[in-house]
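Overview (structure and organization)
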2 protein chains.
Amino acid sequence: MSKDLDVTGVGNAIVDVIAHAEEAQITRLGLHKGAMTLIDAEAAERLYGQMAPAVEISGGSVANSIAGVAALGGRGGYIGKTRNDQLGQVFAHDIRAAGVEYTTKSAESGSPTARCLILVTPDGERTLSTYLGACVELGPEDIDESLIARSKVVYLEGYLWDPPRAKEAMLKAANLTHKHGGRVALSLSDAFCVDRHRAEFKRLIDDHVDILFANEAEIASLAENDDFEACAAAIRGRAELVVLTRGARGAVVLSGEQRFEVAAEPVARLVDTTGAGDLFAAGFLHGVTQGRSPTDSARLGAICAAEIISHIGARPELSLAKLVAERGL
Amino acid sequence: MSKDLDVTGVGNAIVDVIAHAEEAQITRLGLHKGAMTLIDAEAAERLYGQMAPAVEISGGSVANSIAGVAALGGRGGYIGKTRNDQLGQVFAHDIRAAGVEYTTKSAESGSPTARCLILVTPDGERTLSTYLGACVELGPEDIDESLIARSKVVYLEGYLWDPPRAKEAMLKAANLTHKHGGRVALSLSDAFCVDRHRAEFKRLIDDHVDILFANEAEIASLAENDDFEACAAAIRGRAELVVLTRGARGAVVLSGEQRFEVAAEPVARLVDTTGAGDLFAAGFLHGVTQGRSPTDSARLGAICAAEIISHIGARPELSLAKLVAERGL
């Protein structure tokens, strides 16, 4: 089948509920600042009751990346589970309106559409509490082979290892991707998520992953080592391309014996870091699927990440295609 | 009963769905730029399907004003009808999290919570299409006498004249307000809304309204005259305080034979004019209920309006109390 899609994502389909919070509130609520914690429906209701007035914006890590690919002018597909409720309609509307092919059937019963309660502290850092809701319904039957077959890259979310049947779905997606000559990308998603699934993630990477994304905390958790260079040495060669993002310190790309570094893009006003990693991946994957070099792809990632952290929410507000054109890319 | 609430609002309880749009799209969709059009469920679904990726933020004209009063440090109450669905939960959470007393029972069946589809053009102007949904369920039985009795001012939304039983609710609220020694404020809401209900609005103002808010288009529609000064002369004395907002040209307050003018507050970056009038009213009513002069109250209104148009959405993002303190008010 012809590869008319650049990147198809498989992830948790989530609506973000974003509110400002003071540092003291994060501590008082017993949350891990900067991390993602899974919570149940009751805890979600309790936490929501303590949050400031909020804004609802479609989210989901890999869904954000795919929306980013589309905003760069690439063609994207998405697989992820919602319930057929109001927030599910919001999620489906937003990803389709971004130009992404999204055909996963929503659940007719069971838990509501997932939401991620996001507290943004004055330093722009975000702390995530996710109620997975309908995401637990995602299973191998949702992996649309034709979407996979049409995609140059299939991008999987590490977070998917949490809902019980989604890992089967991920493995099916990975196998189908290679069967159809595509490449498998994976985001490690979150240091605590890596901690929950370290051994399985290592096997997944070795057996299936061509392009790996991780930030410093995630790679430290995977390698169980706090030294960045030691982590980089440990992961080198485990995937064709390893992309390590370092926040304000830029990013490192490892490709075989080669190493490429790019600086972070300057940001006039840091507002909300939600989606920084997701949009870096968007830029990088767009570059890769357009045949760009690892350095140019990482520069695209840095530009997209800078756009997303300059406003609330993890979906692009600007035409990223125009933005990167202005930067000469 | 002691007046421990400054302002209680009665309005349509709405969640805003906000997306960017080009001028050409407004024309293509046949919408009146800058106005509010009522649409049914089917038209709402059709329009939503054509909108760009959106953001959901609690709205509702008078609800925005009351959230503004609370953000200024005042005490607010709110009466408005939602359905017990996800968007209804969002509305209730946000207004309560803003510190407002909101006790109206949500509808257990019938139409879903109202939404306003808002297209924001590059000039910051907003065009509204409202699906009233559960708002049509608001009736006199929802007017909580104790909330009214405790309020110095009860602020009514002109838009409430559209849902069939809400006008009974408004009249009941107005009568109870005066019975308990409070003052009745009214927003004319929208020029087309005035056009639909001109004669009834005139009667409502003469019989019940102490503080009237209108922008230039609304007062022109009420007076059926395009000359601002002629409109001002026609409306003078019909209410104790008449507040006429003029966008970038500031505002005029008429009080008996007196006339006060204030300039608009400068705005560094105009993003989205949604809520400008609502937040002007918030500042003005907060001033009035704190015993401030008409000029100071209008200056408070101008500062709040400037904050709201500098970002997406009609609910304040900053502590308005801090903002006005910085301006020496």
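Residues numbered from 1 in each chain as written. Chains lettered and ligands numbered in written order. Predicted model: local features only at pLDDT ≥ 70, side-chain atom pairs only at ≥ 80, totals over all residues.

Secondary structure summary: chain A contains 13 helices and 14 strands in total. Taken over C-alpha atoms, the radius of gyration comes to 18 Å for chain A, in line with the 20 Å a tight globule of 329 residues would show. Among the 329 residues that make up chain A, the fraction classed as buried is 57%. Here the analysis covers contacts within chain A between residues at least 6 apart in sequence; of these, 77% occur between residues at least 24 apart. (Helix = DSSP H or I, 4+ residues; strand = E, 2+ residues; numbered from the N terminus. Rg over C-alpha atoms; globule rule 2.2 N^0.38 Å. Buried ≥ 20, exposed ≤ 12 C-beta atoms within 10 Å, placed from the backbone. Contact = placed C-beta atoms within 7 Å.)

So, about the interface of chain B and chain A. A common measure of how large an interface is: the accessible area buried when the components associate. Contact residues are listed per partner, giving 19 residues for chain B and 19 residues for chain A. Elements that contribute at least two residues to the side of chain B that touches chain A include exactly β4 (55–58) and α4 (86–97) of chain B. Among the elements that take part in the side of chain B that touches chain A, α4 of chain B stands out by supplying 6 residues, more than any other. Among the residues making up the side of chain B that touches chain A, the classes are represented as 11 nonpolar, 4 polar and 4 charged. The pairing of strand β4 (residues 55–58) of chain A with β4 of chain B spans 3 bridges and is antiparallel. Opposite glutamate 56 of chain A, over in β4 of chain B, you have glutamate 56 of chain B as the bridge partner. (Nonpolar A, V, L, I, M, F, W, Y, C, P; charged D, E, K, R; others polar. Pairing = 2+ DSSP bridges.)

Our next topic: helix α11 (residues 276–289) of chain B. Compared with an ideal rise of 1.5 Å per residue, which puts 14 residues at 20 Å, α11 of chain B spans 20 Å between its outermost C-alpha atoms and is within 8% of the ideal. Following α11 of chain B by one or two positions, glycine 291 of chain B has its phi on the positive side, about 75°. (Expected span 1.5 Å × (residues − 1).)

All names here are of chain B. Closest axis-to-axis distance for the helix α3 (residues 61–71)/α11 pair is 8 Å, and the angle between their directions is 45°. The orientation of α3 with respect to α11, classified from their angle, is oblique. Note on packing geometry: the crossing formed by α3 with α11 is right-handed. Taking contact as the criterion, the partners of Ser61, Asn64, Ser65, Gly68 and Val69 in α3 are, on α11, Asp278, Leu279, Ala281, Ala282, Gly283, Leu285 and His286. Split by residue class, the contact of α3 with α11 holds 5 nonpolar, 6 polar and 1 charged. (Axes fitted to C-alpha atoms, helices over the stretch in contact; angles between N-to-C directions. Parallel < 35°, antiparallel > 145°, perpendicular 65-115°, else oblique. Left-handed = near helix turned anticlockwise from the far one by under 90°.)

Let's shift gears to the environment of valine 288 of chain B. Residue and element names in this part refer to chain B. Among the structural elements, valine 288 can be located in helix α11. Note on valine 288: 26 C-beta atoms within 10 Å, which makes it buried. Residues valine 288 and lysine 152, spaced 136 residues apart in sequence, show a C-alpha to C-alpha distance of 9.6 Å. If we skip the residues at most four places from it in the chain, valine 288 touches Val153, Ile211 and Ser297.

Residues and elements named next belong to chain B. Strand β11 (residues 211–215) sits mainly inside the fold: 5 of its 5 residues count as buried. Here β11 shows two buried faces, one formed by Ile211, Phe213 and Asn215 and the other by Leu212 and Ala214. As defined by bridge partners, strand β10 (residues 183–187) adjoins β11 across 3 bridges and the pair is classed as parallel. Bridge pairing in β11 places alanine 185 opposite isoleucine 211.

Residues and elements named next belong to chain A. The backbone of serine 189 sits at a positive phi, close to 75°, despite the residue not being glycine. For serine 189, the position within the fold is in the loop between β10 (183–187) and α7 (191–196). You will see that glutamate 224, though not glycine, has its phi angle at about 50°, which is positive. By the secondary structure assignment, glutamate 224 is in the loop between α9 (216–223) and α10 (228–235).

Residues and elements named next belong to chain B. Spanning 15 residues, helix α12 (residues 294–308) covers 21 Å between terminal C-alpha atoms, matching the ideal 21 Å at 1.5 Å per step. Most of α12 is tucked away, with 12 of its 15 residues classed as buried. Regarding α12, the residues found buried are Ser297, Ala298, Arg299, Leu300, Gly301, Ala302, Ile303, Cys304, Ala305, Ala306, Glu307 and Ile308. Against the buried residues of α12 lie α3, β12 (241–245), β13 (251–255), β14 (258–262), α11 and α13 (320–326).

Next up on the list: the relation of the copies chain B and chain A. Mapping chain B onto chain A is achieved by rotating through 180° and translating by 0.0 Å along the same axis, at an RMSD of 0.0 Å. With respect to symmetry, the two chain copies, as superposed, fit the operation of a two-fold axis. Ranked by how close their C-alpha atoms come to the rotation axis, the residues of chain B are headed by glutamate 56 of chain B, at 2.4 Å. When the interface residues of chain B are mapped onto chain A, 100% of them again lie at the interface, so the same face is used by both copies. (Least-squares fit on C-alpha atoms with pLDDT ≥ 70 in both.)

Attention shifts here to the sheet that holds strand β5 (residues 76–79) of chain B. Residues and elements named next belong to chain B. Pairing is mixed across the open sheet formed by 9 strands, whose spatial order is β6-β5-β1-β9-β10-β11-β12-β13-β14. Only two strands of the sheet have a single partner each, and these edge strands are β6 (101–102) and β14. The pairing of β5 with β6 spans 2 bridges and is classified as parallel. Residue glycine 77 lies in a different strand from β6, and its bridge partner there is glutamate 101. The sheet strands contacting helix α6 (residues 166–179) are β1 (5–10), β9 (151–157) and β10, and the helix crosses β9 at an angle near 160°.

As summarised here, the arrangement of the 10 strands in space is β3(A)-β8(A)-β7(A)-β2(A)-β4(A)-β4(B)-β2(B)-β7(B)-β8(B)-β3(B), forming an open sheet in which the pairing is mixed. The open sheet terminates on both sides in strands that have one partner only, identified here as β3 (36–38) of chain A together with β3 (36–38) of chain B. When strand polarity is set aside, the average angle formed by the axes of neighbouring strands in this sheet is 25°. Alignment of strand β2 (residues 14–20) of chain A against strand β7 (residues 114–120) of chain A, held across 7 bridges, turns out to be parallel.

This brings us to the environment of glutamate 45 of chain B. Positionally, glutamate 45 of chain B belongs in helix α2 (residues 41–50). Glutamate 45 of chain B sits in the partly exposed class, given 13 other C-beta atoms within 10 Å.

For the rest of this paragraph, the subject is the confidence of the model for chain A. On average, chain A scores 96 in pLDDT, and the residues at 70 or more come to 100%. Here the complex is predicted with pTM 0.96, and the ipTM for its interfaces comes to 0.94. (pLDDT = per-residue confidence, 0-100.)

The next subject is the nonpolar core. Core analysis: the largest hydrophobic core is formed by 227 residues, its most contacted members being Leu156 of chain A together with Leu156 and Val243 of chain B. With residues near it in sequence (within four places) discarded, valine 243 of chain B still touches Ile211, Leu212, Phe213, Ala251, Val253, Phe284 and Ala298 of chain B. (Core = buried A, V, L, I, M, F, W, Y, C linked by C-beta atoms within 7 Å.)

All names here are of chain A. Across the interface, α9 lies against α10 with an axial gap of 9 Å and an inter-helix angle of 65°. In terms of orientation, α9 and α10 fall into the roughly perpendicular class. By crossing handedness, the relation of α9 to α10 is classed as left-handed. For the pair α9 and α10, the contacting residues are Glu216, Ile219, Ala220 and Ala223 in the first and Phe228, Ala230, Cys231, Ala234 and Ile235 in the second. Class assignment of the residues belonging to the contact of α9 with α10 gives a composition of 8 nonpolar, no polar and 1 charged.

Two faces belong to every sheet, and in a regular strand the side chains alternate between them. Residues and elements named next belong to chain B. Summarising burial for β1: 6 of the 6 residues are buried, a large majority. Bridging between β1 and β9 involves 5 bridges; their strand directions are parallel. Paired with threonine 8 across the two strands is valine 154, which belongs to β9. Two elements, β1 and β5, share 4 bridges in a ladder whose sense is parallel.

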